[in-house]
There are 2 protein chains.
Amino acid sequence: MVVDELTDETVNRIFRALADATRRDIVRRTLIAEVSVSQLAQAYDMSFAAVQKHVAVLEDARLVTKDPRGRERMVRGNPECIRQAQRLLDQFEEIWRSRIDRLDALLSEGETPSTQKG
Amino acid sequence: MVVDELTDETVNRIFRALADATRRDIVRRTLIAEVSVSQLAQAYDMSFAAVQKHVAVLEDARLVTKDPRGRERMVRGNPECIRQAQRLLDQFEEIWRSRIDRLDALLSEGETPSTQKG
DNA sequence: GTAATCTACAACCAAATGGTTGTAGATGAA
DNA sequence: TTCATCTACAACCATTTGGTTGTAGATTAC
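Computed from a predicted model, the values in this text were never measured in an experiment. (Residues numbered from 1 in each chain as written. Chains lettered and ligands numbered in written order. Predicted model: local features only at pLDDT ≥ 70, side-chain atom pairs only at ≥ 80, totals over all residues. Heavy atoms only, no water.)

The next point concerns the sheet that holds strand S3 (residues 72-77) of chain A. In sheet architecture, strand pairing relies on hydrogen bonds along the backbone and comes in two forms, parallel and antiparallel. Residues and elements named next belong to chain A. The 3 strands lie next to each other as S1-S3-S2, forming an open sheet whose pairing is antiparallel. Looking along the sheet, the strands with just one partner apiece sit at the ends: strand S1 (35-36) and strand S2 (64-69). Contacts from helix H4 (residues 48-60) reach S2 and S3, with the element oriented near 115° to S2. (Pairing = 2+ DSSP bridges. Helix = DSSP H or I, 4+ residues; strand = E, 2+ residues; numbered from the N terminus. Contact = heavy atoms within 4.5 Å. Axes fitted to C-alpha atoms, helices over the stretch in contact; angles between N-to-C directions.)

Okay, structure coming up:
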């Protein structure tokens, strides 16, 4: 079991990185296969430097990793970071679910004894 | 089945709203029970107006809803929006998984026939 | 060696973000 | 009514964000 001991700042970076369509597209592409920064840059209607910055934001959030292959920098999506984000959302879901459970418990307390468990 | 036809801007707003610790905490609290804006404001070391803005960001992203109760505005977490975000992350996970499947397929092509499924 | 390609990084800019204070309108309580 | 509370919203400010251009260093190709 992986204990997630993510700081607020870490979580901030992950969600902020995902809050941009270009960056989400980069994550998708690089989850499918590793791609160089220049290959990525060709895919978008913006400068190479702009794409470079987007990759840097993703790398800072650990959503992608970058490693040298000759003069290129190959970018790969990091599925583990995606899973961390999933777990965070699962926690919200869980909070809501447990609230519903409590409400259900309250309701059944108010019902006729025949509906009580036992 | 809910078809998610979310625009990029919609998704941007959801993730950006989640990219702040105070706002994530507001979502948690309001998923547990509805809370007024002033009650929320008491929980954080910042001005009422600042908390009001955070709630507005969450409301814009549909992560919470706000409805009037007398002079108060009760804030409630919206679990459906959380689930939309979960589905988005699931899509990433799925992209990665299908890539692994393709890699597995390529590998098994090169293996001995005994390892083929059949 | 020379030229082309890929990357890093700085400087700059407009717009968005996250906070503040202040003012004013509704609503509830005395 | 009068006062306190809750909210809305504008104005302002510092920082961050998302883009640009330009320069320079590595690596590859010829």
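This paragraph deals with the confidence of the model for chain A. When pLDDT is averaged along chain A, the result is 91; 91% of the residues meet or exceed 70. The model gives residues 114-118 of chain A a pLDDT under 50, and that stretch makes 3 contacts with residues more than four places away or in other chains. (pLDDT = per-residue confidence, 0-100.)

Here we take up helix H2 (residues 21-32) of chain B. Residue and element names in this part refer to chain B. Relative to the 16 Å expected for 12 residues at 1.5 Å per residue, H2 spans 17 Å between its end C-alpha atoms, a close match to the ideal helical length. The complete set of buried residues in H2 reads Thr22, Arg23, Arg24, Ile26, Val27, Thr30 and Leu31. The N-terminus of H2 is capped by Asp20, whose side-chain oxygen sits 2.9 Å from the backbone nitrogen of Thr22. (Expected span 1.5 Å × (residues − 1). Buried < 20%, exposed > 50% of the residue type's maximum accessible area, 1.4 Å probe, protein only. Polar contact = N/O pair within 3.5 Å; in protein donor to acceptor, adjacent residues only side chain to side chain.)

Position of Thr30(B) relative to the elements: it lies in helix H2. In contact with Thr30(B), other than residues within four places in its own chain, are Val35(B), Leu40(B), Val64(B), Val75(B), Arg76(B) and Gly77(B).

Residues in contact with DNA strand C amount to 21 residues; listed here are only the nearest, Ser38(A), Arg73(A), Ser47(B), Lys53(B) and His54(B). Atoms of DNA strand C within 4 Å of the protein: sugar and phosphate make up 63%, bases the balance. Here a phosphate oxygen of DNA strand C and a backbone polar atom of Val37(A) are 3.3 Å apart. Between DNA strand C and the protein, one listed contact pairs a base oxygen with a side-chain N or O atom of Arg71(B) at 3.2 Å. (Near = heavy atom within 4 Å.)

Least-squares fitting of chain B to chain A yields an RMSD of 0.1 Å, with the transformation described by 0.0 Å of translation along the axis and a rotation of 180°. When the rotation and shift are considered jointly, the pair of chain copies conforms to a two-fold rotation axis. Of the interface residues in chain B, 100% have counterparts in chain A that sit at the interface too, so the contact is made through matching surfaces. (Least-squares fit on C-alpha atoms with pLDDT ≥ 70 in both.)

Residues in contact with DNA strand D amount to 21 residues; listed here are only the nearest, Ser47(A), Lys53(A), His54(A), Ser38(B) and Arg73(B). The side chain of Ser47(A) places a nitrogen or oxygen atom 2.5 Å from a phosphate oxygen of DNA strand D. Elements that contribute at least two residues to the surface near DNA strand D include exactly H4 of chain A together with helix H3 (37-43), helix H4 (48-60) and strand S3 (72-77) of chain B. Grouping the constituent residues of the surface near DNA strand D by class yields 6 nonpolar, 6 polar and 9 charged. (Nonpolar A, V, L, I, M, F, W, Y, C, P; charged D, E, K, R; others polar.)

On to the nonpolar core, then. Core analysis: the largest hydrophobic core is formed by 56 residues, its most contacted members being Phe15(A), Leu40(A), Leu63(A), Phe15(B), Leu40(B) and Leu63(B). What Phe15(A) contacts, discounting residues up to four positions off in sequence, is Ala85(A), Leu88(A), Leu89(A), Phe15(B), Leu18(B), Ala19(B) and Arg24(B). (Core = buried A, V, L, I, M, F, W, Y, C linked by side-chain atoms within 4.5 Å.)

Bringing the packing of aromatic side chains into the picture now. The description of two aromatic rings rests on the distance between their centres and on the angle between their planes. Counted by the stated rule, this structure contains 1 aromatic pair over all chains. Relative to Phe15(B), the ring of Phe15(A) lies with its centre 6.0 Å away and its plane at 20°, an arrangement referred to as stacked. Of this pair, Phe15(A) sits in helix H1 (residues 8-18) while Phe15(B) sits in helix H1 (residues 8-18), which puts the two residues in different chains. Assigned by exposure class, Phe15(A) and Phe15(B) land together as buried. Positioned above the aromatic ring of Trp96(B), the side-chain terminus of Arg83(A) is 4.9 Å from the ring centre. (Phe/Tyr/Trp six-rings, centres within 6.5 Å; stacked < 30°, edge-to-face > 60°. Lys NZ or Arg CZ within 6 Å of the ring centre and 35° of its normal.)

Residues and elements named next belong to chain B. Where strand S2 (residues 64-69) and S3 come together, 6 bridges link them in antiparallel fashion. Across the sheet, Thr65 pairs through a bridge with Arg76, a residue of S3. Linking S2 to S3, which pair antiparallel, is a turn of 2 residues; within it Gly70 sits at a positive phi near 65°.

Moving on to the sheet that holds strand S1 (residues 35-36) of chain B. All names here are of chain B. A sheet is described by the order of its strands in space; here 3 strands give the open sequence S1-S3-S2, paired in antiparallel fashion. Edge positions in the sheet fall to S1 and S2, since each has one partner strand and no second. Where S1 meets S3, 2 bridges bridge the pair, whose relative direction is antiparallel. In the strand pairing of S3, Ser36 is matched with Met74. Each of S1, S2 and S3 is contacted by H2, which is oriented at about 95° to S3, the strand it contacts most. Across the sheet, H4 is in contact with S2 and S3; its angle to S2 comes to roughly 115°.

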